[in-house]
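Single-letter residue listing:
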2 protein chains.
Amino acid sequence: MQFDFYQIHRNTKFITLMLRIAKQSVFFAFIVFAFFGYYYQLDRDSVFIFKYIGTAMAAIATIKVSIFFLFRNYRKVLGGNLRHIAILGGANKDTEQLKNFFAKRPDYGYRLKNLFDTNDSFNIQEFTDWVIENNVDEIFCSVPALTNEQLVELTDFADNNLRTLKFLPDTTAVLSKQLHYEYYGKTPILSLRQIPLDDPVNN
Amino acid sequence: MQFDFYQIHRNTKFITLMLRIAKQSVFFAFIVFAFFGYYYQLDRDSVFIFKYIGTAMAAIATIKVSIFFLFRNYRKVLGGNLRHIAILGGANKDTEQLKNFFAKRPDYGYRLKNLFDTNDSFNIQEFTDWVIENNVDEIFCSVPALTNEQLVELTDFADNNLRTLKFLPDTTAVLSKQLHYEYYGKTPILSLRQIPLDDPVNN
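All figures in this text were calculated on a predicted structure; none of them were measured in a lab. (Residues numbered from 1 in each chain as written. Chains lettered and ligands numbered in written order. Predicted model: local features only at pLDDT ≥ 70, side-chain atom pairs only at ≥ 80, totals over all residues. Heavy atoms only, no water.)

### A few points about the overall build of chain A
What counts, and what does not: Helical segments are the DSSP runs of H or I of at least four residues, strand segments are the runs of E of at least two, and each set is numbered from the N terminus. The size measure is the radius of gyration over C-alpha atoms, and the globule rule it meets is 2.2 Å times the number of residues to the 0.38 power.
Each helix and strand counted, chain A has 5 helices and 6 strands in total. Reading the secondary structure of chain A in the N-to-C direction produces α-α-β-α-β-α-β-α-β-β-β. A compact globule built from 203 residues should have a C-alpha radius of gyration of about 17 Å, whereas chain A, at 23 Å, is more than 25% larger. Here the C-alpha coordinates of chain A stretch approximately 75 × 50 × 30 Å along the principal axes.

This is the structure in structure tokens:
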């Protein structure tokens, strides 16, 4: 959506934040100039308007960047604003990489409670009871480690109990790529994402 | 992307076309008013500018809608601008639905060349040879009917020979939903699409 410059989350990168502020500035400048185009009687000098936009955006950018770093330090140093997570899928390359990432980056505010092995003795019911007992907020779930029925059951559980469910895709699978969703009549069809050069903006 | 109002394809619905024209009008109006806000010396009456925007957008809309219906009729009546397609995956509910859709809507300009069964005797090499021989442009491929190795092989073939590959997802699978792609460090993570009400624009 166009207004994605308000979408700053804990896993948003700093460079993304800066890009979104730049995008917001351009958007804001257009709105302000459109206002003076509509109220043409006001007859303001463009240099004056640019100064106003510059001041306003500098203030907004300062606040956004300060909040971004304040939150990071609050999570890292004081350990507040945490999210408790669980990883489902045993120890393989992908889950290890994710685990190390969370250990290395305490400023993201994710605390790993447990890494579950999904061997034969794994039971969804026991797992969901454990999730509720331990106030786990997010479940990262390795797709190849679970059957489709287990995934459906987990999704229902997450929906009903307001937990966030995220998937670690099987990186060798074709369907883990970025896919574009569209309908042909009533049939949903996935197509591989278009090449960036097909986008008129990038030409 | 913001400029998706230029993205009109053969499978775009008429209502989507109209919505995109509306979006383009709003965008265009802001640009024009911003122009008059910047060149404040021109001092034009807003009513005059609205008349200009109205005329310009009416012309653009007429051309877009005419081209849309001209192309539809060209495909339907004269049978030009065709795309030859093949469906992989044997006769099941989804492939049948897609097949019927293409038969019922000749204005989309898709001509089904063959529906392949992916039983044990199915061979990717033979299939790709057949695709090149028959100038097939798009391959619709049922995901549950093929193994991951076969899917990877098909993707490589499609990339190297400039054919379009599309997937019919297993509609019972969790991962056939609209997913959001993001990175945690180097690990790609898929999350279920956000609820539309989470979007500030819809509030």
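### A few points about the UniProt feature "transmembrane region" (unreviewed entry) in chain A
Selection criterion: UniProt positions are given in the numbering used here, feature names are shortened, and annotations may be inferred rather than shown by experiment.
With numbering matched to this structure, UniProt assigns "transmembrane region" (unreviewed entry) to residues 21–40 and 52–71 of chain A. Structurally, residues 21–40 of chain A comprises 90% helix and 0% strand, and the distance from its first C-alpha atom to its last is 28 Å.

### Thoughts on the domain arrangement of chain A
All names here are of chain A. Selection rule: A domain assignment, automatic or from a database, supplies the domain bounds used here. Any two residues whose heavy atoms approach within 4.5 Å at even a single point are treated as in contact. A side-chain nitrogen of Lys or Arg and a carboxyl oxygen of Asp or Glu constitute a salt bridge if their distance falls within 4 Å. Counting of polar contacts relies on pairs of N or O atoms within 3.5 Å, with two restrictions inside protein: one atom must be capable of donating a hydrogen and the other of accepting it, and residues adjacent in sequence are counted only when both atoms are side-chain atoms. The residue classification treats Ala, Val, Leu, Ile, Met, Phe, Trp, Tyr, Cys and Pro as nonpolar and Asp, Glu, Lys and Arg as charged. All others, Gly included, are polar.
You can read the domains of chain A as domain 1 (4–78) and domain 2 (83–172). For domain 1 and domain 2, the distance between their C-alpha centres works out to 36 Å. Tallying the contact residues gives 5 residues for domain 1 and 8 residues for domain 2. With a shortest N-O distance of 3.5 Å, R72 and D107 are connected by a salt bridge. Our enumeration of links across domain 1 and domain 2 arrives at 4 residue pairs in polar contact (both at pLDDT 80 or more). Its residues placed into classes, the side of domain 1 that touches domain 2 shows no nonpolar, 1 polar and 4 charged.

### So, the sheet that holds strand β5 (residues 179–184) of chain B
Our working definition: At least two bridges found by DSSP between two strands are what make those strands a pair. Inter-axis angles, ranging from 0 to 180 degrees, are taken between N-to-C directions of lines fitted to C-alpha atoms, where helices are fitted over the stretch in contact.
Pairing is mixed in the open sheet, where 6 strands are placed in the order β2(A)-β1(A)-β3(A)-β4(A)-β6(B)-β5(B). Taken across any chain shown, the strands that pair with only one partner, and hence form the sheet edges, are β2 (110–116) of chain A together with β5 of chain B. Taking each pair of neighbouring strands and ignoring which way they run, the sheet shows an average axis angle of 30°. The sheet contact formed by strand β1 (residues 83–88) of chain A and strand β3 (residues 138–142) of chain A spans 4 bridges and is parallel.

### Side note on the relation of the copies chain A and chain B
As a reminder, the rule being used: What sets the superposition is a least-squares fit of C-alpha atoms, and only residues with pLDDT of at least 70 in both copies go into it.
Under the fitted operation, chain A is carried onto chain B by 0.1 Å of movement along the axis and a turn of 180°, and the coordinates agree to an RMSD of 0.1 Å. The symmetry that links the two subunits is that of a two-fold axis. Same-surface contact between copies: 100% of interface residues of chain A are shared with the interface of chain B.

### Quick look at the pairing of β2(A)
All names here are of chain A. Definition in use: Convention used here: a crossover is right-handed provided that the path from the first strand, over the helix, to the second strand proceeds clockwise when the strands point away from the viewer.
Direction of pairing for β1 relative to β2: parallel, over a ladder of 6 bridges. Looking at β2, one finds that L88 is bridged to F116. The β-α-β motif built from β1, the intervening helix α3 (residues 93–104) and the parallel element β2 has right-handed crossover chirality.

### Let's talk about the interface of chain A and chain B
The criterion, for reference: Put simply, buried area is the surface a 1.4 Å probe can reach on two separate parts but cannot reach once they are joined, added for both.
In this complex, chain A contributes 64 residues to the contact, which on the side of chain B involves 65 residues. Buried surface at the junction of chain A and chain B, summed over both partners, amounts to about 5,500 Å²; 64% is from carbon and sulfur atoms. For chain A, the biggest contributors to the area lost against chain B are A:Y40, A:F167 and A:Y184; these three give 13% of the whole. Applying the counting criterion to the chain A and chain B interface returns 2 salt bridges. Taking the shortest distance from any N to any O, the salt bridge between A:E182 and B:K166 comes out at 3.7 Å. If you look at where chain A meets chain B, you find 14 residue pairs in polar contact (both at pLDDT 80 or more). Looking at which element gives the most residues to the side of chain A that touches chain B, the answer is helix α1 (residues 14–38) of chain A, with 8 residues. Residue classes in the side of chain A that touches chain B are distributed as 36 nonpolar, 17 polar and 11 charged.

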